[in-house]
Amino acid sequence: MYLEKVKARLIKSKLVSENELLGCTHQEIIQLEQQLGVKLPKAYQEFLMLMGKEAGQFLRGTDCFYQHLLDLQEAAKDLLKENHVTQLLPNDAFIFLMHQGYQFCFFRLSQGEDPPTYYYCEGEEQKPFINNHSKFSDFLITEIDLHEKYLITLAAK
């Protein structure tokens, strides 16, 4: 429903083949929600069902898959403490991605079924949490675009 375009773009881009997408089971998603005491937005549940465990080349090297999610919630808070960021994460923040231990993305659980995403990067001089996409599904499309550009650059070398 929310990620039909994302799945089509992933396959068209050749970042993944359909057999490289490994999603979570419905039971794993329920278990994750219970462990964290949250109800995840529908678009994010679709992400987990579609590619929550693996997605070929897409997002490789980034901590965003099922096995990382419990640890990410604390890792983001630790990163903010290490960098003496005084602004706290919103109480309803769900960290869905961390890259190389110095940047992370989150959405707020109270902001709908395809919520806006926010970004933090160590060393940024501007306000700590930047609203970088109006919808989680848009975040994924942007990531596909970035991966495609990277592959084109590699092929040109």
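As shown above, the structure is provided for reference.
Nothing here was measured: the structure is a model prediction, and the numbers come from that model.

(A) Layout of the packing of aromatic side chains. Under the definition given, this model contains 17 aromatic pairs. Considering the side-chain rings of Phe136 and Phe139, the 6.3 Å spacing of their centres and the 15° angle between planes classify their relative orientation as stacked. Linking Phe136 with Phe139, this pair stays in helix 5 (residues 136-156), spanning 3 residues, or about one helical turn. As far as burial versus exposure is concerned, Phe136 and Phe139 are alike and both buried.

(B) The pairing of strand 5 (residues 117-121), seen in detail. Counting buried positions along strand 5 gives 4 out of 5 residues, so the element sits mostly inside the fold. Relative to strand 5, strand 4 (residues 103-108) runs antiparallel, the two being bridged by 5 bridges. Directly across from Phe106, in strand 5, lies its bridge partner Tyr118. As defined by bridge partners, strand 5 adjoins strand 6 (residues 130-133) across 3 bridges and the pair is classed as antiparallel. By the bridge assignment for strand 6, Tyr118 is matched with Asn131.

(C) Inspection of unusual backbone geometry at higher detail. Notably, Lys14 is not glycine yet its phi reads approximately 65°, a positive angle. Among the structural elements, Lys14 can be located in the loop between helix 1 (4-13) and strand 1 (21-22). Here Lys14 falls in the exposed class, since its relative accessible area comes to 70%. Of note in this structure, Gln100 is not a glycine but carries a positive phi near 55°. Counting through the fold element by element, Gln100 comes out in the loop between strand 3 (93-99) and strand 4. Residue classification places Gln100 among the exposed residues on the basis of a relative accessible area of 56%.

(D) Up close: the packing of helix 2 (residues 26-36) against helix 4 (residues 66-82). At a closest axis distance of 11 Å, the pairing of helix 2 and helix 4 adopts a crossing angle of 10°. Taken together, the axis directions place helix 2 and helix 4 in an arrangement best described as roughly parallel. Here Glu28, Gln31, Leu32, Gln35 and Leu36 of helix 2 lie close against helix 4, whose contacting residues are Tyr66, Leu69, Leu70 and Gln73. Across the contact of helix 2 with helix 4, the residue classes break down as 5 nonpolar, 3 polar and 1 charged.

(E) Expanded view of the sheet that holds strand 6. Strand order in this open sheet of 4 strands is 3-4-5-6, and the pairing throughout is antiparallel. Edge positions in the open sheet fall to strand 3 and strand 6, since each of these has one partner strand only. On average, each strand axis in the sheet is inclined to that of its neighbour by 35°, with strand direction left out of account. Against the sheet, helix 4 engages strand 3, strand 4 and strand 5, with an angle of about 85° to strand 3.

How each quantity is defined
- Residues numbered from 1 in each chain as written.
- Predicted model: local features only at pLDDT ≥ 70, side-chain atom pairs only at ≥ 80, totals over all residues.
- Heavy atoms only, no water.
- Phe/Tyr/Trp six-rings, centres within 6.5 Å; stacked < 30°, edge-to-face > 60°.
- Helix = DSSP H or I, 4+ residues; strand = E, 2+ residues; numbered from the N terminus.
- Buried < 20%, exposed > 50% of the residue type's maximum accessible area, 1.4 Å probe, protein only.
- Pairing = 2+ DSSP bridges.
- Axes fitted to C-alpha atoms, helices over the stretch in contact; angles between N-to-C directions.
- Parallel < 35°, antiparallel > 145°, perpendicular 65-115°, else oblique.
- Contact = heavy atoms within 4.5 Å.
- Nonpolar A, V, L, I, M, F, W, Y, C, P; charged D, E, K, R; others polar.

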